[in-house]
Amino acid sequence: MTTEQTQQDKNGKLVLKLVGVVFGMFGFAYLLVPLYDVFCDITGINGKTSDTAAVYEAVEIDKSRRVTVEFITRTHTGMPWQFEAKTRRVDVYPGELNQVDFFVKNSTAKNYVAQAIPSVSPGTAALYINKTECFCFNHQPLGAGEEALMPMKFYVDPQLPKDIKFFTVQYTLYDVTANAQDVAMNQG
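The structure displayed is predicted, hence computed values, not measured ones.

### Re the sheet that holds strand β3 (residues 89-92)
- Pairing in this open sheet of 5 strands is mixed, and the strands run β3-β1-β9-β5-β7 from one edge to the other. Both edges of this open sheet fall to β3 and β7 (140-142), since each of them pairs with a single strand only. Taking the axes of each pair of neighbouring strands and ignoring which way they run, one obtains an average angle of 30 degrees across the sheet.
- Bridge count between strand β5 (residues 112-121) and strand β9 (residues 166-175): 8 bridges; the pairing is antiparallel. Residue pairing for β9: S119 is matched across the bridge by Q170.

### Concerning the packing of aromatic side chains
- A complete count under the given rule lists 8 aromatic pairs for this structure.
- Ring geometry for F102 against Y171: centres 5.4 Å apart, planes inclined by 75 degrees, an arrangement best described as edge-to-face. Taken together, the residues span a long stretch of sequence, with F102 in strand β4 (residues 98-106) and Y171 in strand β9 at a distance of 69 residues. Taken as a pair, F102 and Y171 share a single burial class, namely buried.

### Quick look at the pattern of salt bridges
- Summed over the entire model, instances satisfying the criterion amount to 4 salt bridges.
- A salt bridge links R65 to D62, with the nearest nitrogen and oxygen atoms 3.0 Å apart. Both residues of the pair, R65 and D62, belong to the buried class.
- The partner of E133 in a salt bridge is K153, and the shortest N-O contact between them spans 3.8 Å. Of this pair, E133 sits in strand β6 (residues 129-134) while K153 sits in strand β8 (residues 147-156), and the two are 20 residues apart along the sequence.

Definitions and limits used
Residues numbered from 1 in each chain as written. Predicted model: local features only at pLDDT ≥ 70, side-chain atom pairs only at ≥ 80, totals over all residues. Heavy atoms only, no water. Pairing = 2+ DSSP bridges. Helix = DSSP H or I, 4+ residues; strand = E, 2+ residues; numbered from the N terminus. Axes fitted to C-alpha atoms, helices over the stretch in contact; angles between N-to-C directions. Phe/Tyr/Trp six-rings, centres within 6.5 Å; stacked < 30°, edge-to-face > 60°. Buried < 20%, exposed > 50% of the residue type's maximum accessible area, 1.4 Å probe, protein only. Salt bridge = Lys/Arg side-chain N within 4 Å of Asp/Glu carboxyl O.

Don't take any of this as a statement about function, it's just geometry.
Next up, the structure:
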C-alpha cells in the first residue's frame, strides 16, 4: 500500500468520525429539553405549574398550619411593561381559596400582547398549588398607556408535605405580540 493510499484511508476515517460527532451533537441538542425536564423533576428545580384551571372543591381547610407563599414578578428582556405583585407574600391555610392581584402597565405608545409563565421553587411545591383563575392561562393584550389589575385565585393542596412551609411563585412576562398577530391573521 502506498503512502498516498494510507493517507486517504486515514482521511476517510477522520471524515467518518467528524460526521459521527456532528450527528452526536445534533442528537444531544434534540434530547436536551426532555433531559432538562427529567433533571428538573428529579431535583425539584424550576417547578412548573399546571397550565389549566383547577376546580376548587370544598375541602377541609388545614388550620393547624400556615404556608407562606411569596410572589416574584419580572419581565423578559425587551418587554417594556411594569409588572408587579400587589401582594408580595401571603400566609395561607392549606385548602383555603385565596386571591392575589398583579398590576401591569404598558407605558409605551405601542399595543402589546403578553404571556406570563409561572415557575415554583422548590419545584416539588408546584404539584400542590392549584390555580382556579389565573392571568397566566391566556394572552394579556394591553393597549398603549393602559394598565390592568390581574387576579390569580389559588389554593394550596392540604396534601402539601409538612416540611414545606414556604415556597415562591415567580411569574415572568413575555412579549408574544408577534405570535398573537400571526395567529389572528391565520384565523381571519
